[in-house]
Amino acid sequence: MPKSKPLSRGVAIVGAGMSKFGAFAEKNSRDLFVEAFKEMTKSVDKGLDPSAIESLYVGNFSSDQFEHQAHTAPLLADAVGLTPIPATRVEGACASGGLAIRQGVMAIASGMYDVVLVGGAEKMTALNTAGVTDALATAADVPFEIPAGFTFPGFYAAMASAYMHRYGMKPEHLMNVAIKNHDNASLNPYAQFGVTIQKWMEGRVAAAIKKGKPAPTWSTIWDFLHDESGNPTVAWPLRLFDCSPVTDGAAAVLLVAEERMHEFTDHPIHIIGSGQASGSALHDRPELTAIPAAKTAATKAYEMAGITAKDIRIAEVHDCFTIAEVIASEDLGFFAPGEGFKAAEDGVTARNGAKPINTSGGLKAKGHPVGASGVAQAVEVFKQMRGQAGERQVAGDVNLALTHNVGATGSTCAVHVYERRN
Amino acid sequence: MPKSKPLSRGVAIVGAGMSKFGAFAEKNSRDLFVEAFKEMTKSVDKGLDPSAIESLYVGNFSSDQFEHQAHTAPLLADAVGLTPIPATRVEGACASGGLAIRQGVMAIASGMYDVVLVGGAEKMTALNTAGVTDALATAADVPFEIPAGFTFPGFYAAMASAYMHRYGMKPEHLMNVAIKNHDNASLNPYAQFGVTIQKWMEGRVAAAIKKGKPAPTWSTIWDFLHDESGNPTVAWPLRLFDCSPVTDGAAAVLLVAEERMHEFTDHPIHIIGSGQASGSALHDRPELTAIPAAKTAATKAYEMAGITAKDIRIAEVHDCFTIAEVIASEDLGFFAPGEGFKAAEDGVTARNGAKPINTSGGLKAKGHPVGASGVAQAVEVFKQMRGQAGERQVAGDVNLALTHNVGATGSTCAVHVYERRN
Amino acid sequence: MSEETTTIRPFSAAAFNQYIAEHKLMATRCTKCSKTYAPPRAICPNCHSEEMEWVETSGKGKLAGFTVIYTGPTFMSEQGFDRKNPYISGIVELEEGTSISARITGLDASKPAEIKIGTLLSVDFVEFGEGEAKKTYLAFKA
Amino acid sequence: MSEETTTIRPFSAAAFNQYIAEHKLMATRCTKCSKTYAPPRAICPNCHSEEMEWVETSGKGKLAGFTVIYTGPTFMSEQGFDRKNPYISGIVELEEGTSISARITGLDASKPAEIKIGTLLSVDFVEFGEGEAKKTYLAFKA
Ligand SMILES: [Zn+2]
Ligand SMILES: [Zn+2]
């Protein structure tokens, strides 16, 4: 592949917001996007006149299947009063949000627009578990992967089996990722699961006692996580707490051409690197223990940004499953192959570690409304880099950050690098 | 809205091809795209090394619903051997193809890529009629339009009813559009319905005789088109021959940065104007007899191109229904409001008229695989402008052309202007 | 019809449909510029205000466009409509200046050419299904 | 197993599945660079040639990755699999150097920790349904 080329002009984020993530029976994706849009508007330091917005990109995986509603982008534009600006939906499975950001960047760099809104939305909880499983399955290479019985937990479980075989990891190691991400989410008021696993376990015990049932005898969260009644196996070696939840949510970021950023804020976050790559079906890759598209996308993004993995202060990575975070941390070059699970065990990726990952709680605990997740990652780095992440704020100068957004098992990956300059 | 801004650098089409359009039980959208890709490759005058292609955009409305297959773009990239280049699906209902072209233009103008493949694909015939009706309905504003019982023929029929009331058009006037587009399609070897309505009628008579049934007594195509058994009402005032068919098909165009176009051809077609706009639900517009998003998109495209409607030599417009072509011809400024149906009647829009429209046969007769249609429009103008349209070639110097691609009832519209300079 | 104002329910499709189930055609009104919208909006497209309120419409309007549908979606087929029993869908411009899609009743679907744009209509509610499955559809009758 | 070469069928999912229904695991081979692909490809990703041919695989391979699934998709539930009766899905590397997704049979789904990556497997075909509804699934057995 050819080398990354520089953008024709620079792009910065000047506003970012998200809806509460969770399960909301009365809200459709429009309602969720209105929430995210209002939050984004509030975050623009010098105020936002919505009529300055020239174009909208929307990341959305499949409102078609989840809500019987396609053609999402103009509907979302209209819901926040932006008709007749161009409104374009971008789909790359769970990487839809990351791809939407990238289209926003290109639209500005192309010279066509100065001010572009990027949104992501997914309303998933109207379907039952089987319906969600079937809908997510359409992100795979359906004719050649699905007849084998694979589900998405199953695909990542197969990657985990290969990783365990190759590097000696045990299923228990993955629990460190879940514990960390729930810890982070417990400090994020927008998270779906804003509780630590300890609190979750205590809640289960209290609920059992209240109902007059025998109280579970878990003495630590490790007991709980090893117990099939607390943490049932979904696709061996992955259990319930290795999997991100089914979520309703939306997110929005406002991108502007650098030459106009000071109209909106004196504290912009620059997007200095953007990489994207495609990948074949999981079975058609040289190894199962890494995601080639993620490595390619990261290489491109670093190249454009002129930095290396070690320069990154924090990263939001695509932890749809705990094993995905481990592999991501290696694909991105943070740790050598086979070392990612040890870094999680050693606290290196914790909020106060050397390389904090998923300070938001990640897809795992913040929630994973698939088309919104990539945009919500950018919302987190915007807040962290500007020192606005509240109780979960990372200490020190968060001047370089990264987001890593994967579609399916890695048929799509988008990586972005962000810089704060003042 | 702000004025159109110039692109950072120019973009040209250097190759274009499409699959045969029709109903193909054994082909999925990947198979169709492979066909289109091969045709595109053959059309590149100086030959194409596929490894020169840096990125892929795919227009696709809802393979999710039609094939239980989302995440279409990386699968199509992989099917033609382009992994790991970025592959991005763009969705804007039936305007998905037009939006994909526009993303390709911006990707090149942004400086990120020099060579971008744009595809469109839709495999619709695996569903029965009710299934297709329900799938297409998801392109509407579902919670507020669909409970009223509207279908897509129904929406356009409601526009026709308002147009008839305002301008005195009769349902018969619309038949002129169908007759013309079938005439054109009869000269297009890639068309789904490559027969004139005359031949169609004769086929129906012959089939009846062969089966020993009483032969219909239609003496002219007008008899046929007025007869419920020949041309049944779908949504009054629209009948079967006012509606585009359900189609499987794919199309592909190769875009390159102008500075590199001579590596591929000495006869490039420049994309000199690109406009896109969004619109609200049909009921939420000031009038039903025009599509505001089409007018806005056209204004933007003309402005960028520095031309006016009268400069356009030929146009491929979005005739999902006959009334849509009439309204399009007015929205684009070819004819004054209320004059479009007369222009069709007077032969102005015929292949040998002053303003040929839909020389390919249009969506109506060439076929309408929804996500592919916008790209197939560009394939037709590429051929016509280079004098390669065979029997349906328009006479004279086709130096300026236009494509007009509408999503749903006009919630999305993309307009492009093309120029041949030598 | 009396004008009922409430700001308790969210400005969402779910809330609008709940009102429809209660046989009320409610609109949202911008408290800043006073424009009224049915279907509802949470943000005013006219002035970008986020301060809306629910108001009940008069339920009066006129036909702006219509069709008689012979081949409907699955849910309409389930309600007994087909080629031999077509139905009318239309767009109705309300007195309040906003328009909405609705079923049209009280006109002869077998004579579409005799249906006039501009026909005066008033709100109606069509129910289908029993118990939990009961659904109420917005309609206007001539 | 004998190697059967034919260029009559298209290089599509439909043709591949037809072969599966005939209990043949067929691959496509590039006539230019000789690389073999199962699932099939119409264009060679290695050398971009459009000249492919069908070849029958040996049906031998080894397990590259696997999982035991307790919560499956709807069609697997219909085939009797659930939390109490989980099933194995895996990725199999064929002798021909290409890999494929398949159901895995002949191993104990209740003891996943004892299943070994690298286990030798041979092709198998699992059928479900009767008559028109009969579907054949690619499997590999230990
Ligand atoms: Zn207002
Ligand atoms: Zn080859």
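The structure displayed is predicted, hence computed values, not measured ones.

A.B. asks: Describe the overall build of chain A, with residues and values.
C.D. replies: Regarding its fold elements, chain A presents 15 helices and 11 strands. What you see for chain A is a C-alpha radius of gyration of 20 Å, in line with the 22 Å of a compact globule of 422 residues. Dimensions along the principal axes, computed over C-alpha positions, put chain A at roughly 60 × 50 × 45 Å. Expressed as a percentage of the 422 residues in chain A, the buried residues total 72%. Sequence-distant contacts, at least 24 apart, represent 76% of the contacts inside chain A between residues at least 6 apart. When the accessible surface of chain A is totalled, it reaches about 11,800 Å², and 55% of it is carbon and sulfur. Side chains of chain A give 37 positive and 44 negative charges; the mean places of these two sets differ by 2 Å.

A.B. asks: Kindly report on the overall build of chain C, identifying the contributing residues and their values.
C.D. replies: Helix and strand counts for chain C stand at 2 helices and 9 strands. Starting at the N terminus and walking to the C terminus, you meet the elements of chain C as β-α-β-β-β-β-α-β-β-β-β. Expected size for 142 residues packed as a compact globule is a radius of gyration near 14 Å; at 16 Å, chain C falls within 12% of this value. Counting only C-alpha atoms, chain C reaches 50 × 35 × 25 Å along its principal axes. Looking at chain C residue by residue over its 142 residues, the buried ones come to 50%. Counted over contacts in chain C with a minimum sequence separation of 6, partners at least 24 positions apart contribute 53%. When the accessible surface of chain C is split by element, carbon and sulfur atoms take 48% of a total near 6,500 Å². When the 16 positive and 18 negative side-chain charges of chain C are each reduced to one mean point, those points stand 5 Å apart.

A.B. asks: Explain the coordination of the zinc ion (ligand 2) to me, and be specific about the residues and the numbers.
C.D. replies: Residue and element names in this part refer to chain D. All of the protein donors around the zinc ion (ligand 2) are Cys30 (SG), Cys33 (SG), Cys44 (SG) and Cys47 (SG); their distances to the metal are 2.3 Å. For the zinc ion (ligand 2), the 4 donor atoms in the first shell make angles of 101 to 119° at the metal, a pattern classed as tetrahedral. All donors of the zinc ion (ligand 2) come from a single chain, and their spacing in sequence reads C-x2-C-x10-C-x2-C.

A.B. asks: So what about the coordination of the zinc ion (ligand 1)? Which residues, and what values?
C.D. replies: All names here are of chain C. Protein-derived ligands of the zinc ion (ligand 1) are Cys30 (SG), Cys33 (SG), Cys44 (SG) and Cys47 (SG), with the metal-ligand distances lying across 2.3 Å. Classification of the site at the zinc ion (ligand 1) as tetrahedral follows from its 4 donor atoms and the range of 101 to 119° in their angles at the metal. On the primary sequence, the residues serving as donors to the zinc ion (ligand 1) are separated as C-x2-C-x10-C-x2-C. With relative accessibility at 21%, the residue Cys47 sits in the partly exposed group.

A.B. asks: Now, about the nonpolar core: what can you tell me, with residues and values included?
C.D. replies: Core analysis: the largest hydrophobic core is formed by 146 residues, its most contacted members being Tyr156(A) and Phe140(D). If you tally residues by element for this core, the top one is helix H7 (residues 152-167) of chain A, at 10 residues. Those residues in contact with Tyr156(A) that sit more than four places away from it in its chain are Leu238(A), Ile291(A), Cys320(A), Phe321(A), Ile323(A), Ala324(A), Val406(A), Ala408(A), Thr409(A) and Gly410(A).

Parameters and conventions
Residues numbered from 1 in each chain as written. Chains lettered and ligands numbered in written order. Predicted model: local features only at pLDDT ≥ 70, side-chain atom pairs only at ≥ 80, totals over all residues. Heavy atoms only, no water. Helix = DSSP H or I, 4+ residues; strand = E, 2+ residues; numbered from the N terminus. Rg over C-alpha atoms; globule rule 2.2 N^0.38 Å. Buried < 20%, exposed > 50% of the residue type's maximum accessible area, 1.4 Å probe, protein only. Contact = heavy atoms within 4.5 Å. Areas by Shrake-Rupley, 256 points an atom, 1.4 Å probe, with all protein chains shown as cover. Lys, Arg positive; Asp, Glu negative; His and termini not counted. Charge placed at Lys NZ, Arg CZ, Asp CG, Glu CD. Donors = N, O, S within 2.8 Å, 3.2 Å for Na, K, Ca; no water. Tetrahedral: all angles 85-135°; square planar, octahedral: opposite > 155°, others 65-115°. Core = buried A, V, L, I, M, F, W, Y, C linked by side-chain atoms within 4.5 Å.

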